[in-house]
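The residues making up each chain are set out below.
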Amino acid sequence: MPVLPFDIPGLPFLSSAGGGEEGAAFATALFSLFILFLAAKIGEEVFRRINQPGVIGELLGGFIVGPFALGLADVTVTAEVFAELGVVILLFTVGLEVRLDDLLKVGPMAIAVGTIGFILPILAGIGIGLAIGEDILPAALVGLALAATSIGITSRVLAEMGVLDRAFSRVILGAAIVDDILALLAIGVLSGLAEGDLGPETLLTLVAGLLFVGIGLALAPLGRRIPRKYFVWPKFADTPVVPVFIIMFAGALLAQFVGLAAIIGAFVVGLFIAETPVREEVEHGFRPLLGIFAPFFFAVTGANIDMSALLQLDLLIIVLVLAVMGVLTKLIGGIVGSWRLGKWNSVVVGLGMSPRGGMLLA
């Protein structure tokens, strides 16, 4: 529990709300949510006023109030759920702003960037792991950690910059999907090796992931044929936002079920809704949801950062080496895979694939 400036169980409102241990747990969770959200918004405000991406302020705000700094907020299960929902909504709205035809145009380039930018970090991680005396399996896990891209952070920055319609942004988003599918396969292989049972389930999971993305992309153009009236047909739907929210949830759950990250499912659903006549209504309706829930993802990410481990010199050196190699290998993958976009655009692609913090390895 966080270190609070007052005794939570003694707050007067708890007695009227039931009190006891359940009331105290609820108050603690609610207090943590409040502090995380407030810190994220204050951080965003400060960084936007100095013309920097607000996401940096949200991450920093979460770290400052988190358990490894001031200790005002704890990363409760409730906070984790809010964070997961926030990044699902974020990737759905990103999908709304990316047209499928434009994404498919950069498909081969995205596959090249995703593949090269996945293999190189794994090789670098294995090399570093073996160099510090780890066995091959732990070393491979180090490489996998370097290879996993946090598309949530990158997409938020691209959205704030208003460049989601640019070719390099579409390459980054497409490459992130490729990265996620390859990570799915790698996790299955490494898990099988660790357990001594590398069965056909790994291949089936990979096929299921590929089918999910492929079918989702194939069905997206059908959205153009769906009239608006079908989205508001339910009596509970005054606007298309609520039915679309349900569809987004279903896509995220299905992606999770087949082994992909839920955010990939939300992104694919976003691509589908972007082809429908309700795109602008949904985008307008989701804007406040994005502003409320997305900050929780970045605040929780920041709150989970433990800087104390870096006080050990030998560990600090290893972390710095891994960080440099992680960025360098992703940068090389971006430049080699998207060189046709031009020198600087390919550099942007490589840097856009560099953020870590993805949930796939959790």
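Residues numbered from 1 in each chain as written. Predicted model: local features only at pLDDT ≥ 70, side-chain atom pairs only at ≥ 80, totals over all residues. Heavy atoms only, no water.

Caption draft 1: Fine view of the overall build of the protein chain. A count of helical and extended segments in the protein chain gives 15 helices and zero strands. Every one of the 362 residues in the protein chain was classed for burial, and the buried ones make up 46%. The contacts of the protein chain with a sequence gap of at least 6 include a subset with a gap of at least 24, amounting to 75%. Accessible area of the protein chain: about 17700 Å², with a carbon and sulfur share of 70%. (Helix = DSSP H or I, 4+ residues; strand = E, 2+ residues; numbered from the N terminus. Buried < 20%, exposed > 50% of the residue type's maximum accessible area, 1.4 Å probe, protein only. Contact = heavy atoms within 4.5 Å. Areas by Shrake-Rupley, 256 points an atom, 1.4 Å probe, with all protein chains shown as cover.)

Caption draft 2: Structural view of unusual backbone geometry. Positive phi is not limited to glycine here, since N51 has a value of about 60°. By relative accessible area, which is 69% here, N51 ends up exposed.

Caption draft 3: Broad picture of helix α7 (residues 136–147). Here α7 spans 16 Å end to end across twelve residues, near enough to the 16 Å set by a 1.5 Å rise per residue. Buried within α7 are the following residues: A139, A140, G143, L144, L146 and A147. All buried residues of α7 lie within an arc of 155° about the axis, which places them on one face of the element. (Expected span 1.5 Å × (residues − 1). Arc of directions from axis to C-beta.)

Caption draft 4: Highlighting the packing of helix α4 (residues 77–97) against helix α8 (residues 151–161). The interhelical angle for the contact between α4 and α8, taken along N-to-C directions, is 50°, at an axis separation of 10 Å. Classed by the angle they form, the pair α4 and α8 counts as oblique. Remark: the crossing between α4 and α8 carries left-handed chirality. Residues V87, L90, L91 and V94 of α4 form the contact with α8, whose own contacting residues are I151, G152, S155 and R156. (Axes fitted to C-alpha atoms, helices over the stretch in contact; angles between N-to-C directions. Parallel < 35°, antiparallel > 145°, perpendicular 65-115°, else oblique. Left-handed = near helix turned anticlockwise from the far one by under 90°.)

Caption draft 5: Representation of the packing of helix α11 (residues 241–257) against helix α12 (residues 262–274). Viewed as axis vectors pointing N to C, α11 and α12 meet at an angle of 140°, and their least axial separation amounts to 7 Å. Considering their axes alone, α11 and α12 lie oblique with respect to each other. Considering only the axes of α11 and α12, their crossing is right-handed. Across the interface between the two elements, V244, I247, M248, G251, A252, A255 and Q256 from α11 touch A262, G265, A266, V269 and I273 from α12.

Caption draft 6: Broad picture of a nonpolar patch on the surface. A surface patch of nonpolar side chains, amounting to about 530 Å² of accessible area, comprises L203, V207, L211, I215, L219 and L222. With respect to the helices and strands, I215 occurs in helix α10 (residues 201–219). (Patch = residues over 30% accessible without salt bridge, like charges linked within 9 Å, V, L, I, M, F, W, Y side chains within 5 Å. Salt bridge = Lys/Arg side-chain N within 4 Å of Asp/Glu carboxyl O.)

Caption draft 7: Region of interest: the nonpolar core. Core analysis: the biggest nonpolar cluster contains 76 residues, and F92, L260 and I273 have the highest contact counts within it. Among the elements that make up this core, the one with the highest residue count is α4 (eleven residues). What I273 contacts, discounting residues up to four positions off in sequence, is F92, L96, F231, V244, V278, R279 and V282. In this structure, I122, A147, A186 and L190 belong to the second largest nonpolar core, which totals eight residues. (Core = buried A, V, L, I, M, F, W, Y, C linked by side-chain atoms within 4.5 Å.)

Caption draft 8: Examining the packing of aromatic side chains more closely. Considering all chains together, one arrives at seven aromatic pairs under this definition. Ring centres of F82 and F296 lie 5.1 Å apart, and the angle between their planes is 75°; this geometry places the pair in the edge-to-face category. Here F296 lies in helix α13 (residues 279–303) and F82 lies in helix α4, a separation of 214 residues in the sequence. Exposure remark for F82: the relative accessible area of 26% places this residue in the partly exposed category. Look at F296 and you get buried, because its relative accessible area is 5%. Ring centres of F92 and F286 lie 4.7 Å apart, and the angle between their planes is 45°; this geometry places the pair in the tilted category. Linking F92 in helix α4 with F286 in helix α13, this pair joins segments that are 194 residues apart in sequence. Relative accessible area serves as the criterion here: at 0%, F286 is assigned to the buried category. (Phe/Tyr/Trp six-rings, centres within 6.5 Å; stacked < 30°, edge-to-face > 60°.)

Caption draft 9: Fine view of the pattern of salt bridges. In the structure shown here, the tally under the stated rule is 13 salt bridges. For R48, the salt bridge goes to E44, with nearest N and O atoms at 3.3 Å. Linking R48 with E44, this pair stays in helix α2 (residues 20–49), spanning four residues, or about one helical turn. Residue R48 is classed as partly exposed on the basis of its relative accessible area of 46%. Residue D102 is joined to K105 by a salt bridge in which the shortest nitrogen-to-oxygen separation is 3.9 Å. A residue pair is termed a helical-turn pair when its members lie 3 or 4 positions apart in one helix, as D102 and K105 do in helix α5 (residues 100–105) at three residues. Residue class for K105 comes out exposed when judged on its relative accessible area of 65%. Three or more residues are tied together by salt bridges with common partners; here these are K41, E44, R48, E58, R156 and E160.

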